[in-house]
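So the chains spell out like this:
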Amino acid sequence: MTKYFHLTIRSLLSALLAVPVLWPAIAQAQAQETVCIQCHGGQPGRLGEPIGQWQGSIHAQNGISCHGCHGGDPTDFAMAMSPERGFIGVPDEAEIPEFCGRCHVGVKEDYLQSAHGQALDAGGPQCVTCHGNHAVQKTTIDLINAEDCSRCHEYGRAERIKSALAETDRMISGLETELAQLHRTGIATKPLQDQIFAARNKFHRLFHSVDVEKIQQETAGVQAELGKVEERVAAYHADFSQRRLWGGGVTLALVLMGVLFMLLRKTYHDEEQEHR
Ligand code: HEC
Ligand code: HEC
Ligand code: HEC
Ligand code: HEC
Ligand code: HEC
C-alpha cells in the first residue's frame with residue numbers, strides 16, 4: 001500500500017517535471033516576491049535603494065531578480081546570503097564584465113576584445129559605466145552621446161560609430177513599416193521579416209567592439225543585405241500597382257461595355273418605334 005502510494009507520488013512528480021511550460025511561470029512568480037526583496041525593502045540607504053531602481057528595469061520586466069545577479073537563496077530568510085547557497089555578493093569594478101557576461105555571453109566576448117575591455121584595469125569603461133547597475137533600460141542608440149562618451153576621450157570616433165549605426169537603424173525601421181503595410185495587403189512577408197531580424201541582431205552586438213573601421217565595414221555589409229530586401233519590397237510594390245492597374249482596366253472595360261449595350265438597346269428601341 002505504501003509502495004503504491006510512493007509510486008503515485010513519484011509519477012505525479014515526474015509528470016509535473018515533464019511540463020516545462022510551468023517553469024517560466026514559477027520563475028516569474030519568484031522574481032516578483034522573494035525574501036531578498038522583502039528584507040531589503042525594509043532596509044535604509046544603500047541596502048534598500050536597489051529595490052526601487054530595479055523595479056522599472058528591463059531585468060525586472062524579464063523576471064531577472066536580485067538573486068539572478070547576486071546569487072543566493074531567494075526562498076530562505078536565514079540562509080539567503082550564504083555562499084553555500086550561491087551568494088556571490090557585490091563584484092569589484094574589474095569583475096563586472098564576467099558578472100554580467102554570465103548571461104550576455106556574446107556581448108562580453110566583443111567587449112573583452114575591444115579597446116574598452118583592454119583598458120579595463122586602466123580606467124576604461126565597463127558594463128555598469130554605460131548601462132547602470134540596478135536601473136538597466138532597454139538600449140537605444142542614444143546611449144552614444146557627446147556628454148557620456150567624451151568623459152574620457154574626444155567624441156569624434158564615437159560620432160562616426162553612431163552615424164554608421166544610425167543609418168542602418170533608419171533602414172531597418174523603414175523596412176519594417178513597409179513590410180507591415182505589405183503584410184496587410186495579404187502578401188507573405190515572413191521570410192523577409194526573418195532576414196531583417198537576423199540583420200538587426202548582427203548589427204546590434206557590433207557596438208561593443210568600438211572599432212570604427214570594423215563597424216563601418218560590417219554595417220556596410222548589413223546595409224547591402226537590407227538593400228536586397230528593399231529591392232524585393234520595391235518589386236512587390238510594382239507588382240501590386242500593376243495588378244491594381246489591370247484590375248482598374250478591366251472594371252473600366254466592363255463599365256464601357258455596359259454603357260455601349262444600353263446605348264445600342266436604346267437606339268434599337270427608338271428605331272423600332274419610328275418604324276411603327
Ligand atoms: C533578513 C534580511 C535579508 C535578506 C533575506 C537578504 N538580505 Fe541582503 N543584506 C541584508 C543586510 C542587513 C545587508 C548588509 C550587511 C551584510 O552585508 O551582511 C545585506 C547586504 C546585501 C548585499 C551587499 C553586500 C555587500 O558586500 O555590500 C547584497 C548584494 C545583498 N544583500 C543581496 C541579497 C540577495 C540577492 C538576497 C536574496 C537571495 C538577500 N540579499 C537577502 C539583509 C538581507
Ligand atoms: C543586473 C544585475 C543586478 C541585479 C538584478 C541586482 N543587482 Fe545589486 N548590484 C549589481 C552590481 C553590478 C552591483 C555593484 C555596483 C557597482 O559597482 O556599481 C550591485 C550592488 C548592490 C548592492 C551594494 C550597493 C552599495 O552601494 O554598496 C546591494 C545592497 C545590492 N546590489 C542589492 C540588490 C538587490 C536587493 C537587488 C534586487 C532588488 C539587486 N541588487 C539586483 C547588479 C545587480
Ligand atoms: C541572470 C542573467 C542576467 C544577468 C546576470 C544580467 N542580465 Fe542583462 N538581461 C538579461 C535578460 C534575460 C534580459 C532581457 C532580454 C534581452 O533583452 O536580452 C537582459 C537585458 C539587458 C539589457 C537590455 C538589452 C536590450 O535588448 O536593449 C541590457 C543593457 C543588460 N541586460 C545589461 C546587463 C548588465 C549591465 C548586467 C550586469 C550588471 C546584466 N545585464 C546582467 C539577463 C541578465
Ligand atoms: C562604452 C559604453 C558601453 C559599455 C562599456 C558596454 N555597453 Fe552595452 N551597449 C552600449 C550601447 C551604446 C549599446 C546600444 C548599441 C546599439 O543600439 O546599436 C549597447 C547595447 C547593449 C545590449 C543590447 C544588445 C542587443 O543585442 O540589442 C546589451 C545586452 C548590452 N549592451 C550589455 C552590455 C554588457 C553585459 C556589457 C559589459 C560586458 C556592456 N554592455 C558594456 C554601450 C556600452
Ligand atoms: C570611463 C572612460 C571611458 C568612457 C566613458 C568611454 N570610453 Fe571610449 N575609450 C576609453 C579608453 C581608456 C579607450 C582606449 C584608449 C583610447 O583609444 O583612447 C577608449 C577607446 C575608444 C575608442 C577607440 C577604439 C579603438 O579601437 O581605437 C572608441 C571608438 C571609443 N572609445 C568609443 C566610446 C564611446 C562610443 C563611448 C560612449 C558610449 C565611450 N567610448 C565612452 C575610455 C572611455
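As the structure is a prediction and not an experimental result, all values here were calculated from the model.

**Things to note about the coordination of the iron atom of ligand 1**
Donor atoms from the polypeptide that coordinate the iron atom of ligand 1 comprise H40 (NE2) and M81 (SD), at 2.0 to 2.3 Å from the metal. Taken together, the six donor atoms coordinating the iron atom of ligand 1 span angles of 79 to 179° at the metal, a pattern that classifies the geometry as octahedral. With H40 in helix α3 (residues 35-41) and M81 in the loop between α6 (66-70) and α7 (96-101), this residue pair connects regions lying 41 residues apart in the sequence.

**Some details on the nonpolar core**
When a protein is soluble and globular, its nonpolar side chains tend to lie buried together. Counting 26 residues, the largest nonpolar core has I144, L165, I196, L226 and V233 as the members making the most contacts within it. For this core, the elements supplying multiple residues, two or more each, are α12 (156-184), α13 (190-205) and α14 (212-275). With ten residues, the single largest contributor to this core is α12. When neighbours within four sequence positions are excluded, L165 is seen to be in contact with I141, I144, F203, F207, I215 and T219.

**What to know about a nonpolar patch on the surface**
On the surface, V250, L254 and M257 cluster together into a nonpolar patch covering about 320 Å² of accessible area. By the element assignment, V250 lies in helix α14.

**Thoughts on the coordination of the iron atom of ligand 3**
The protein atoms that coordinate the iron atom of ligand 3 are H59 (NE2) and H104 (NE2), at distances spanning 2.1 Å. In this structure, the iron atom of ligand 3 is surrounded by six donor atoms whose angles at the metal cover 88 to 179°, and the resulting shape is octahedral. Of this pair, H59 sits in helix α5 (residues 58-61) while H104 is found in the loop between α7 and α8 (105-113), placing the two residues 45 residues apart along the sequence.

**As for the site of ligand 3**
Taken together, 17 residues surround ligand 3, and among them H59, C100, C103, H104 and T139 come closest. H59 places a side-chain nitrogen or oxygen 2.9 Å from a nitrogen atom of ligand 3. Within the side chain of H104, an N or O atom sits 2.8 Å from a nitrogen atom of ligand 3. Looking at the shell around ligand 3, the elements that each hand over two or more residues are α5, α6, α7 and α10 (127-131).

**Some points on the UniProt feature "transmembrane region" (unreviewed entry) in the chain**
In the UniProt entry, the feature "transmembrane region" (unreviewed entry) is given for residues 245-264. Note that residues 245-264 is 100% helix and 0% strand, and that its end C-alpha atoms are spaced 28 Å apart.

**Focus: the pattern of salt bridges**
One pass over the full model with this rule turns up eight salt bridges. Salt-bridge contacts for D73 lead to R85; the nearest nitrogen and oxygen are separated by 2.7 Å. Here D73, found in the loop between α6 and α7, pairs with R85, found in the loop between α6 and α7; they are twelve residues apart in sequence, far enough to count as distant. Judged by relative accessible area, D73 falls into the buried class, the value being 15%. A residue is classified by how much of its surface remains accessible, and R85, at 34% relative accessible area, is partly exposed. Ionic pairing is found between E176 and R200, a salt bridge with its closest N-O pair at 3.3 Å. Of this pair, E176 sits in helix α12 while R200 is found in helix α13, placing the two residues 24 residues apart along the sequence. Judged by relative accessible area, which is 34%, E176 ranks as partly exposed.

Criteria and thresholds
Residues numbered from 1 in each chain as written. Chains lettered and ligands numbered in written order. Predicted model: local features only at pLDDT ≥ 70, side-chain atom pairs only at ≥ 80, totals over all residues. Heavy atoms only, no water. Donors = N, O, S within 2.8 Å, 3.2 Å for Na, K, Ca; no water. Tetrahedral: all angles 85-135°; square planar, octahedral: opposite > 155°, others 65-115°. Helix = DSSP H or I, 4+ residues; strand = E, 2+ residues; numbered from the N terminus. Core = buried A, V, L, I, M, F, W, Y, C linked by side-chain atoms within 4.5 Å. Buried < 20%, exposed > 50% of the residue type's maximum accessible area, 1.4 Å probe, protein only. Contact = heavy atoms within 4.5 Å. Patch = residues over 30% accessible without salt bridge, like charges linked within 9 Å, V, L, I, M, F, W, Y side chains within 5 Å. Areas by Shrake-Rupley, 256 points an atom, 1.4 Å probe, with all protein chains shown as cover. Salt bridge = Lys/Arg side-chain N within 4 Å of Asp/Glu carboxyl O. Near = heavy atom within 4 Å. Polar contact = N/O pair within 3.5 Å; in protein donor to acceptor, adjacent residues only side chain to side chain. UniProt positions renumbered as here; feature names shortened; annotations may be inferred.

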